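A structural walkthrough
Chain by chain, the residues run as shown.
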Amino acid sequence: MSEVSPWVILIASIFTSNILLTNFLGMCSFLACSRQVGTALGLGTAVVFVMICTAALNWCIYTYVLIPLGIEHLWFIIAIAVIAAFVQFVEMFVERFSPTLYHALGIFLPLITVNCAILGASLLMITRHYGFLQSVAFGFGGGVGWMLAIVLMAGLRQKMTYSDVPRPFKGVAVVMIITGIMAMIFMGFAGMVKI
Amino acid sequence: MANSPAPIGGCGSGICCGKGKETFKAGVWVTNPIAIQILGICSALAVTTTLMNSLVMSIALTFVCVGSNLFVSLLRDVTPRRVRMIAEVAIIATFVIIFDLLLKAFYFEMSEQLGPYVGLIITNCIVMGRAEAFALQNPPVVSMLDGFANGIGYTIVLCSVGFFRELLGAGQLFGYTIMETVANKGWYPQNVVMILAPGAFITLGFLIALYNYMSGANDPDKETSP
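The following refers to the structure shown.

Rules and cut-offs
- Residues numbered from 1 in each chain as written.
- Chains lettered and ligands numbered in written order.
- Predicted model: local features only at pLDDT ≥ 70, side-chain atom pairs only at ≥ 80, totals over all residues.
- Heavy atoms only, no water.
- Helix = DSSP H or I, 4+ residues; strand = E, 2+ residues; numbered from the N terminus.
- Buried < 20%, exposed > 50% of the residue type's maximum accessible area, 1.4 Å probe, protein only.
- Contact = heavy atoms within 4.5 Å.
- Areas by Shrake-Rupley, 256 points an atom, 1.4 Å probe, with all protein chains shown as cover.
- Axes fitted to C-alpha atoms, helices over the stretch in contact; angles between N-to-C directions.
- Parallel < 35°, antiparallel > 145°, perpendicular 65-115°, else oblique.
- Left-handed = near helix turned anticlockwise from the far one by under 90°.
- Salt bridge = Lys/Arg side-chain N within 4 Å of Asp/Glu carboxyl O.
- Patch = residues over 30% accessible without salt bridge, like charges linked within 9 Å, V, L, I, M, F, W, Y side chains within 5 Å.
- 1 Å grid on protein atoms, 1.4 Å probe; cavity = no way out; pocket = protein on both sides within 12 Å on 5 of 7 lines; lining within 4 Å.
- Points joined across faces, edges and corners; volume = space filled by probe spheres on them.
- Nonpolar A, V, L, I, M, F, W, Y, C, P; charged D, E, K, R; others polar.
- Polar contact = N/O pair within 3.5 Å; in protein donor to acceptor, adjacent residues only side chain to side chain.
- Core = buried A, V, L, I, M, F, W, Y, C linked by side-chain atoms within 4.5 Å.

On to the overall build of chain B. A tally of regular secondary structure across chain B gives 8 helices and 2 strands. When the elements of chain B are put in sequence order from the N terminus, they spell out α-α-α-α-α-α-α-β-β-α. Out of the 226 residues belonging to chain B, those deemed buried represent 52%. By sequence separation, contacts in chain B at least 24 residues apart represent 71% of the contacts at least 6 residues apart. With an accessible surface of roughly 10400 Å², chain B has 67% of that area assigned to carbon and sulfur atoms.

Encoded structure:
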């Protein structure tokens, strides 16, 4: 088990090793849902919530079920099943108890199952041998980092509606290049903490 | 075979319903999974630091895509519509595990380098998208071809990104030195940013722009806001 403090992991996964800008996870929904700040914020919140819970849940299942039974090679299929089931459960729960939240968050929930940032966080925390608290911190930090990136990008894209982008670059191409510049800026945080 | 609904073209004769060529062309170029549909970007960015990694990842994706398309297609008549997603994910995950175990057994170093990205093929939207959009409605052989074509389309983009990143970032191709770097008393000053994360985004951005330029996409009639 690695000895890094959960606080360091939390800060590091938001800034220095942002899950989107350095691990490239969750790009599909990042590109598809970053047109408006409101949408980006909604999706971001849902991702943060699901990521904390699935990180905790998956860690427990891996440590207390898969390792004692010696079936670590089934880890991928178990991880994705847990995520899919959890998202389904949250959707039903929210629909039943808070219709307002359901309408705000509802459409984003099914999108989350296929957001590779969620599965990526679960796979990475096992690869890096995190403990329970470290995994939860990583899930939280990863989610917040992802939300930060998508909200920033949505703000930029709203402004960009008024700019004259060369024709072949319109759409995804220019968004990619901006993301690249954003990643460079985030590299400036690299001196802050190391994991 | 000829009775199944066909989204692309009409059903002709032969083992591929006479639409093998169209399917192949669509997967590789016309609706290229990365450049046009913008699917499966994560792995395209993450593993392309060297050409070799790009190639192995492409083989993995092509393998999973062909295999899962075959089985989704074979099971398409017995899968209830409501649980089809779970069924698809289970089939895809099975193939990913097979490939992961093969890689670990024969090329352990490569498996260490690719890290979690092999596992992430499960949520790679290309595989899921092809299973959902093509294999569910089409007979097995042509579905396999579709998976293969999309795999090739993915390979082309991934290897181009890997080519530029390894060449400009390390002066090497497949690990062989092409341009002697300054660090080794050569003439080429290494551009380290190409190996790091920003290089991936920028290379892919320019490649998509190049694709748009060549295929005449983004023409004024169907302009979209950036």
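Time to look at the packing of helix α9 (residues 172-187) of chain A against helix α8 (residues 197-215) of chain B. Relative to each other, α9 of chain A and α8 of chain B sit at 165°, their axes nearing to 7 Å. Relative to α8 of chain B, the element α9 of chain A is oriented roughly antiparallel. Note that α9 of chain A runs across α8 of chain B; the crossing there is left-handed. Contacts from V172, A173, M176, I177, T179, G180, A183, M184 and M187 of chain A in α9 of chain A reach P198, F201, I202, L204, G205, F206, I208 and A209 of chain B in α8 of chain B.

A separate point is the pattern of salt bridges. If the charged atoms of two oppositely charged side chains come close together, the side chains can form a pair. All names here are of chain B. Using the criterion set out here, one finds 2 salt bridges over all chains in the structure. The partner of K104 in a salt bridge is D100, with the nearest N and O atoms 3.1 Å apart. Here K104 and its partner D100 are both found in helix α4 (residues 84-106), 4 residues apart, which amounts to about one turn of the helix. The exposure class assigned to D100 is buried, which follows from its relative accessible area of 10%.

Residues and elements named next belong to chain B. Where nonpolar side chains cluster on the molecular surface, the patch consists of W29, V30, L210, Y213 and M214 and spans about 570 Å² of accessible area. For the nonpolar patch, the secondary-structure elements that each account for two or more residues are α1 (20-30) and α8. If one sorts the elements of the nonpolar patch by residue count, α8 sits on top with 3 residues. Note on placement: Y213 falls in helix α8. Accessibility expressed as a relative area gives 63% for Y213, which makes it exposed.

Residue and element names in this part refer to chain A. Where helix α1 (residues 6-14) meets helix α8 (residues 132-160), the closest approach of the two axes is 7 Å, and the angle between their N-to-C directions is 20°. Regarding the angle of α1 to α8, the classification is roughly parallel. The two elements α1 and α8 cross, and the hand of that crossing is right-handed. Judged by residue contacts, P6, I9, L10, S13 and I14 of α1 engage L133, Q134, A137, F138, F140, G141, G142, V144, G145 and L148 from α8.

Let us now look at the environment of I41 of chain B. Structurally, I41 of chain B can be placed in helix α2 (residues 41-46). Separated by 83 residues in sequence, I41 of chain B and N124 of chain B have C-alpha atoms that sit 8.2 Å apart. Sequence-distant contacts of I41 of chain B, defined by excluding residues within four places in its chain, comprise M27, C28, L31 and M176 of chain A together with I34 and L204 of chain B.

Time to look at empty space enclosed by the protein. This model, assessed by the stated rule, comprises 2 cavities of 30 Å³ or more. Here the largest cavity is characterised by a volume of approximately 90 Å³. If you go around the largest cavity, the residues you meet are C28 and C116 of chain A together with G40, I41, C42, S43, Y117, L120, I121, T123, N124 and C125 of chain B. It is α2 of chain B that provides the largest number of residues to the lining of the largest cavity, a total of 3 residues. The class makeup of the residues in the lining of the largest cavity is 8 nonpolar, 4 polar and no charged. Here the second largest cavity defines a volume of roughly 30 Å³. Residue lining of the second largest cavity: S13, S17, I19, N23, L124, R128 and F138 of chain A, and that is the complete set. Considered class by class, the residues forming the lining of the second largest cavity number 3 nonpolar, 3 polar and 1 charged.

So, about the side chain of S34 of chain A. All names here are of chain A. Along the chain, S34 turns up in the loop between α2 (27-32) and α3 (37-69). Reaching out from S34, the side chain makes a polar contact with the backbone oxygen of F30 at a distance of 2.8 Å. Looking at S34, its side chain comes within polar contact range of the side chain of R157, at 2.8 Å. Not counting residues within four places of it along the chain, the set of residues in contact with S34 comprises S29, I150, M153, A154 and R157.

A few words now on the nonpolar core. In this structure, M27, F30, I112 and W146 of chain A together with I41 and L204 of chain B are the most contacted members of the largest nonpolar core, which totals 104 residues. Among the elements that make up this core, the one with the highest residue count is α3 of chain A (10 residues). The contact partners of F30 of chain A, leaving out residues within four places of it in the chain, are L20, W146, A149, I150, M153 and T179 of chain A.

It is worth spelling out the layout of surface pockets at this point. As a volume, the second largest pocket reaches approximately 510 Å³. Around the second largest pocket, the lining comprises 18 residues; the ones closest to its centre are W75, F76 and T127 of chain A together with D100 and K104 of chain B. The element that contributes the greatest number of residues to the lining of the second largest pocket is α4 of chain B, accounting for 4 residues. Class assignment of the residues belonging to the lining of the second largest pocket gives a composition of 9 nonpolar, 5 polar and 4 charged.

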